[in-house]
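Next come the chains, spelled out residue by residue.
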Amino acid sequence: MTNGSEHSAGKEFSKPVASLERAERDLIALGIIVAAIILFVGTGSTVLTGIVRKWVYGIGNPDTLLANALILNIALIIFGWRRYVELNREIAERRKAELTAQRLAHTDALTGCLNRRSLDDSLAALIDSADTTGDEVIMMMIDLDKFKNSNDLHGHHVGDAVLIETAQRIEALMTERSLMARLGGDEFICALIFAPGSETAIERLAVQLNDALARPIECKGVRAEVTASIGIASGAKGAVNPAGQLAQDLLHRSDVAMYQAKRRGRNRFCWFEPSMETELRFRNELENSIREGLPRGEFVPYYEKQVDLETGEITGFEMLARWVSPRRGVISPEIFIPVAEEIGLISELSETLISLALQDAKSWDPRLTLSVNISPLQLRDTWFAQRLLKLLVEANFPPTRLEIEITETCLHENIGVVRSLITSLKNQGIRISLDDFGTGYSSLAQLRTLPFDRIKIDRSFVSTLNSNADSSSIIEAISSLGRGMALPITAEGIESAEVLVALRKFGTFKGQGYLYGKPLTGQEVMSELAEHKLLSPQSPADQYLFAEEPESPAAINS
Ligand code: C2E
Ligand code: MG
Ligand code: MG
């Protein structure tokens, strides 16, 4: 397998001037050795013959001058030999340094994988190799999920350790004829050769990769948990798609498939399908339209009635975001909220809608409450409480009439930050509901740690109350939980009179649902409230005082 797994030695390589000087010195050394050997041959025979004659027959005296010359010769030859050995060592070191330089240029210094620069050539070679045996190349684009979170939470040294460990776990699962590269950040790519029709084996490998990468990584006492989304594409070289073209296609297709794996919930793999291209294009268009539509006022609040199930009286409204797109009509928040979250526009979008809703709600009877949904991402923002209070002050709206709804996913986030934020909001008189209860597996213990004012039973249980025994048991359990914890309950999704009758048996709830009407525009709410004489008496200005100055984020974090 190609992955350039040796790590760089980080050597500095010799400069041209230095190597020229060294070459000159080497040439002189070589000349000296050759001269010394010639002299040795010339003088050696004469001197050695004289010495032997003196020792054996006791006649004659060896020429002292020549003997000294011979000793000098021997010294020169020893010097020359040592220089020769040194020279060899230098050449070996230089060669090693050149190899290191080459490897550095082709591999990623952190993980030892191939880098993007060297990928094209290596891929083309792999594709050619697959072609010779009539096989296919399988490309797997691997992107870590929420790596940034882990990096932010534990620091970059843990992030680096995660990347190194990830590379090693991937490498451990690679086959003989394969390559892996790190494309940058938390994105890796593997290319492997498989015989046509090996889908089952490929999927088995993808599952193994998902499992291996989901195992927690221990580093310096920290347990980092990441998962991976994998996009798979396959192809073989042909007359119409030469190696270079196929490499680019496979990279693109596996990237599109990886993106789908993320959208389908992460920690999974997805094969590329041509329809994904269209979806991706739609998604890009959606992102751009949201960016453009926000300043154009295309996002507006709708309101869903909330009623007291005993008396049938309206108690307030839940604000539900709608996108009134000139091209596509009215679009559900379930489509655009996740996109707005991903492209970092959720706070701006939410705050724009909340301030519109506050203006609308000021015209309602002051006894009516306004509920707004808050994304878990907003709760991570330490300035959220300040900004919400600023909106309330600007609208001169009493915090006690505002309820914020957070979903159970918030409980899995940094619970300390969420608790401080909730406490800070509650100190201002804002009430907090736990939305969609029953769908997010939050435990009773988690529920106790946060000071909620209300729980809302998810509509999936309520709407199936009469048709599904499980729903009925879940609602019964939530009702007794609510009683036990003295938490009032709202039932969402009441669609029929039968469900209402069944619900009432479990206790006294507030409720909302299509039985009481579908979400309405601000204007429609005004008309309905006017009919029920539930509009605010004039001039509500200046009647509300805020409990205290908003707390600083530092206090919220502590
Ligand atoms: P949610 O907070 O649970 O809102 C209730 C959803 O159930 C609404 O869908 C509402 O139209 C729908 N619904 C109400 N009664 C019935 C019923 O009787 N039957 C059925 N089948 N559905 C009913 P919607 O407006 O599409 O909102 C979906 C979700 O989008 C909301 O769920 C909420 O989590 C989120 N959302 C809406 N507006 C915002 C917002 O401004 N910010 C954030 N972060 N999320 C929002
Ligand atoms: Mg809600
Ligand atoms: Mg809900």
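Reference entry: report on the structure contained in this document. (Residues numbered from 1 in each chain as written. Chains lettered and ligands numbered in written order. Predicted model: local features only at pLDDT ≥ 70, side-chain atom pairs only at ≥ 80, totals over all residues. Heavy atoms only, no water.)

**Some thoughts on the overall build of the protein**
Of the regular secondary structure elements, the protein holds 19 helices and 17 strands. Here the protein holds 558 residues, and 44% of them are scored as buried. In the protein, the share of contacts with a sequence separation of at least 24, taken over all contacts with a separation of at least 6, comes to 70%. Summing over all exposed atoms, the protein offers an accessible surface of approximately 28700 Å²; the carbon and sulfur share of this is 56%. (Helix = DSSP H or I, 4+ residues; strand = E, 2+ residues; numbered from the N terminus. Buried < 20%, exposed > 50% of the residue type's maximum accessible area, 1.4 Å probe, protein only. Contact = heavy atoms within 4.5 Å. Areas by Shrake-Rupley, 256 points an atom, 1.4 Å probe, with all protein chains shown as cover.)

**Looking at a nonpolar patch on the surface**
A grouping of I37, F40, V41, I74 and I78 is seen on the molecular surface, where their side chains present a nonpolar patch of about 430 Å² in accessible area. Looking at the nonpolar patch, the elements with two or more residues in it are helix 1 (16–57) and helix 2 (64–106). Ranked by the residues each element gives to the nonpolar patch, the list is headed by helix 1, at three residues. In this structure, I37 sits in helix 1. (Patch = residues over 30% accessible without salt bridge, like charges linked within 9 Å, V, L, I, M, F, W, Y side chains within 5 Å. Salt bridge = Lys/Arg side-chain N within 4 Å of Asp/Glu carboxyl O.)

**With respect to unusual backbone geometry**
Keep in mind that most residues, glycine aside, have a negative phi and that most peptide bonds are trans. For N267, which is not glycine, the phi torsion reads 50° and is therefore positive. Position of N267 among the secondary structure elements: in the loop between helix 7 (243–263) and strand 7 (269–271). Here the phi dihedral of K533 falls at roughly 55°; this positive angle occurs in a residue that is not glycine. Residue position: K533 is located in the loop between helix 18 (522–531) and helix 19 (553–557).

**Notes on the coordination of the magnesium ion (ligand 2)**
For the magnesium ion (ligand 2), the protein coordination sphere consists of E318 (OE), N373 (OD1), E405 (OE) and D435 (OD), at 2.0 to 2.2 Å. When the donor residues of the magnesium ion (ligand 2) are listed from N- to C-terminus, their spacing reads E-x54-N-x31-E-x29-D. Between the magnesium ion (ligand 2) and the magnesium ion (ligand 3) the interatomic distance comes to 3.8 Å, and D435 is a ligand of both metals. Residue E318 is found in strand 9 (residues 314–325), and its partner D435 is found in strand 13 (residues 431–437); the two are separated by 117 residues along the sequence. Judged by relative accessible area, which is 4%, D435 ranks as buried. (Donors = N, O, S within 2.8 Å, 3.2 Å for Na, K, Ca; no water.)

**Notes on the pairing of strand 3 (residues 187–194)**
The buried fraction of strand 3 is high, at eight of eight residues. Neither face of strand 3 is exposed, since E187, I189, A191 and I193 on one face and F188, C190, L192 and F194 on the opposite face are all buried. Of the pairings in the sheet, the one linking strand 1 (residues 136–145) to strand 3 comprises eight bridges and is antiparallel in character. In the strand pairing of strand 3, E136 is matched with F194. The pairing of strand 2 (residues 178–184) with strand 3 spans six bridges and is classified as antiparallel. Within strand 3, the residue paired with M180 across the bridge is C190. In textbook terms, the turn of a hairpin is the stretch between consecutive antiparallel strands, and for strand 2 and strand 3 this stretch comprises two residues, one of which, G185, has a positive phi near 55°. (Pairing = 2+ DSSP bridges.)

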